[in-house]
Amino acid sequence: QVQLVESGGGSVQSGGSLRLSCAASGATDSRYCMGWFRQIPGKEREGVAAIDSGGGGRTSYADSVKGRFTISQDNGKNTLYLEMNSLKPEDTAMYYCAARPTPYYTCGYYFTQGPARFAYWGQGTQVTVSS
């Protein structure tokens, strides 16, 4: 089983920045679609960003975060990051790291299909942006 542990969440003022990290362990497949999702109480979990690890490193972003958030991974592919800049109160949510092994379509496709296409999840890290 793949284990994912998020960290880096916290409370910031509007316009501030945070860097989320996701430490992965137990991965055995050569290719994963790695993503960040977020969920606000009472609303559906939504995709934030994804990266095709082992598939060229192509990235995908939700329209709401394009130009503000950046997804990346370290050289050893053991840690996933989400650099969040120009944070807005609407970004307040529980952020989750997720993974899908051996994608047959592009990571971007799975990302747009939603969280149900991802098999492994972290426990989440809370991000709160105040105005």
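Before any of the text, the structure's been laid out above.
In this text, all values refer to a predicted model and were calculated from it rather than measured experimentally. (Residues numbered from 1 in each chain as written. Predicted model: local features only at pLDDT ≥ 70, side-chain atom pairs only at ≥ 80, totals over all residues. Heavy atoms only, no water.)

Re the pattern of salt bridges
Counting across every chain of the model gives six salt bridges. Note that Glu83 is salt-bridged to Arg19, the shortest N-O span being 4.0 Å. Within this pair, whereas Glu83 is found in strand 8 (residues 79-84), its partner Arg19 is found in strand 3 (residues 18-25), the two being separated by 64 residues in sequence. When salt bridges with common partners are traced through the structure, they connect Arg38, Glu46, Arg68 and Asp91 into a single cluster. (Salt bridge = Lys/Arg side-chain N within 4 Å of Asp/Glu carboxyl O. Helix = DSSP H or I, 4+ residues; strand = E, 2+ residues; numbered from the N terminus.)

A short note on the nonpolar core
With 27 residues, the main nonpolar core has Trp36, Leu82, Met84 and Tyr95 as its most contacted residues. Those elements giving two or more residues to this core turn out to be strand 3, strand 4 (32-39), strand 5 (46-53), strand 7 (69-73), strand 8, strand 9 (93-101) and strand 11 (125-130). It is strand 9 that contributes the most residues to this core, four residues altogether. Of all hydrophobic cores here, the second largest spans eight residues; its members include Ala50, Cys107, Tyr110 and Phe111. (Core = buried A, V, L, I, M, F, W, Y, C linked by side-chain atoms within 4.5 Å. Buried < 20%, exposed > 50% of the residue type's maximum accessible area, 1.4 Å probe, protein only.)

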